[in-house]
Amino acid sequence: MLHVFGHKNPDSDSICTALVAADWLNGQGRPARAFALGDPIAETRFILETAGVAAPPVLQGSVAGKPVFLVDFSELEQGPEGLADADVQGLIDHHRLGTLITRGPLDAWIRVVGSSATVLLELMGHETLSRAQARLLLGAIVSDTFNFTSPTTTPQDRAAVERLLPIADLALAPFAQTLLERRTQLGDSPMSELLVADEKRYQIAGHTLMVSQICVMDPAQLLDRMAELYEAMHIRLEQDSLDAYVLMLTDLARGESLLHCASKGILPTDPVPLAGALSRKKEGLPWLTQHLSKHPG
């Protein structure tokens, strides 16, 4: 059986696309089951509830020697234990090709679009989609593109949503509004938990980094928690033997971000403003790569 899953600390694209990809593979006569590498966040729970679909089980143990199919990542650092020794049979992604090295050839689709769900829809078509599947894919695309405001958004993503809406039987505006409200409701959770909710591990210019992203409608809600934020980041820096821990704090209302960094002398100590930046992939990581390439490890 193929184990289908996305990255650690899964976002909506990672979980929703894995669920539909498993259905797609089963329809081809390739037994598959979706898993997650962590519990779904509030936004993802909203999408699952709207689709009437249960969350996939959390993957336990090593995948060494097991047949797997990846969605939404190709960085070994973002995968489960034993991924380097797994039988990777497929990949659906919209990020850079990462550190994954496979034992044999695989079916791989990596496209420059805003969501892995868009790639999957192009592969499977929309003629046989159920309402639940359409809602899962719709939620993944709206989430990953911040409802088309992210610079990662492409015409393919917009076309995908147009095809999905009548099948999903949803109006886009209220669905997207509720989804983004769930995404930006931080509550009183400890800062250490908020960081983990959407963090990814990278190797950049010989340095090991964890890069998290928190999206808010008003950054002022975190002003009185900055000391807690930096304490949590420095704890992770030592606990995980990192060279840097970076938070991309994104203001969705103003369409801009600040990079908050805790590092071993390789990144600025003051917040770095990124005007007009919403995407970790397209704007946060390029800034970090350019800066760290001047200070290789």
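In this text, all values refer to a predicted model and were calculated from it rather than measured experimentally.

The rules we used
Residues numbered from 1 in each chain as written. Predicted model: local features only at pLDDT ≥ 70, side-chain atom pairs only at ≥ 80, totals over all residues. Heavy atoms only, no water. Helix = DSSP H or I, 4+ residues; strand = E, 2+ residues; numbered from the N terminus. Rg over C-alpha atoms; globule rule 2.2 N^0.38 Å. Buried < 20%, exposed > 50% of the residue type's maximum accessible area, 1.4 Å probe, protein only. Contact = heavy atoms within 4.5 Å. Areas by Shrake-Rupley, 256 points an atom, 1.4 Å probe, with all protein chains shown as cover. Lys, Arg positive; Asp, Glu negative; His and termini not counted. Charge placed at Lys NZ, Arg CZ, Asp CG, Glu CD. Domains from an automatic or database assignment. Buried area = accessible area lost by both parts, 1.4 Å probe. Salt bridge = Lys/Arg side-chain N within 4 Å of Asp/Glu carboxyl O. Polar contact = N/O pair within 3.5 Å; in protein donor to acceptor, adjacent residues only side chain to side chain. Nonpolar A, V, L, I, M, F, W, Y, C, P; charged D, E, K, R; others polar. UniProt positions renumbered as here; feature names shortened; annotations may be inferred. Axes fitted to C-alpha atoms, helices over the stretch in contact; angles between N-to-C directions. Left-handed = near helix turned anticlockwise from the far one by under 90°. Pairing = 2+ DSSP bridges.

**Topic: the overall build of the protein chain**
- Assigned secondary structure in the protein chain consists of 9 helices and 10 strands.
- A globule of 297 residues ought to have a C-alpha radius of gyration of about 19 Å, and the protein chain, at 19 Å, matches this closely.
- In the protein chain, which comprises 297 residues, the proportion classed as buried is 55%.
- When contacts within the protein chain are restricted to residue pairs at least 6 apart in sequence, those whose partners lie at least 24 apart make up 61%.
- Accessible area for the protein chain stands at about 12300 Å²; split by element, carbon and sulfur atoms hold 52% of it.
- If the 24 positive side-chain charges of the protein chain are averaged to one point and the 36 negative ones to another, these points end up 4 Å apart.

**Points about the domain arrangement of the protein chain**
- On domain assignment, one finds that the protein chain holds domain 1 (2–182) and domain 2 (191–294).
- Opposite the 16 residues of domain 1 that make contact, domain 2 presents 15 residues.
- Summed over both sides, the interface between domain 1 and domain 2 buries roughly 1500 Å², with carbon and sulfur atoms accounting for 58% of that surface.
- Looking only at domain 1, the three residues that lose the most surface to domain 2 are N9, F146 and P151, adding up to 35% of its buried area.
- Between the two partners, domain 1 and domain 2, sit 0 salt bridges.
- Here domain 1 and domain 2 share 4 residue pairs in polar contact (both at pLDDT 80 or more) between them.
- Across the side of domain 1 that touches domain 2, the residue classes tally to 4 nonpolar, 8 polar and 4 charged.

**Some points on the UniProt feature "domain: DHHA2" (unreviewed entry) in the protein chain**
- Mapped onto the present numbering, the UniProt feature "domain: DHHA2" (unreviewed entry) falls on residues 176–292.
- Between the end C-alpha atoms of residues 176–292 the distance is 36 Å, and the span holds 36% helix and 30% strand.

**Section: the packing of helix 3 (residues 116–124) against helix 5 (residues 155–168)**
- One way to put it is that helix 3 packs onto helix 5 with a least axis distance of 10 Å and a crossing angle of 65 degrees. Considering the relative orientation of helix 3 and helix 5, their crossing is left-handed. Taking contact as the criterion, the partners of T118, L121 and E122 in helix 3 are, on helix 5, Q156, D157, A160, R163 and L164.
- Considered class by class, the residues forming the contact of helix 3 with helix 5 number 3 nonpolar, 2 polar and 3 charged.

**Some points on the sheet that holds strand 1 (residues 2–5)**
- Pairing is parallel in the open sheet, where 5 strands are placed in the order 2-1-3-4-5. A strand with exactly one partner marks an edge of an open sheet, and here the two such strands are strand 2 (32–34) and strand 5 (107–110). For this sheet the average axis-to-axis angle between neighbouring strands, irrespective of direction, equals 20 degrees.
- In this sheet, strand 3 (residues 67–71) lies alongside strand 1 in parallel orientation, the contact comprising 3 bridges. From the neighbouring strand, H3 faces strand 3, where its bridge partner is V68.
- Helix 1 (residues 12–27) rests against strand 1, strand 2, strand 3, strand 4 (87–93) and strand 5 of the sheet, and its axis sits at about 165 degrees to strand 2.
- On top of the sheet, helix 3 reaches strand 4 and strand 5; it is set at about 105 degrees to strand 4, its chief contact.

**Describing helix 3**
- Counting buried residues along helix 3, 7 of its 9 residues qualify, which places the element largely inside the surrounding structure.
- Within helix 3 the residues assigned to the buried category are S116, A117, T118, V119, L120, L121 and M124.
- Looking at the buried positions of helix 3, the neighbouring elements they touch are helix 1, strand 4, strand 5, helix 4 (131–144) and helix 5.
- The N-cap residue of helix 3 is S115: its side-chain oxygen and the backbone nitrogen of A117 are 3.0 Å apart.
- Following helix 3 by one or two positions, G125 has its phi on the positive side, about 75 degrees.

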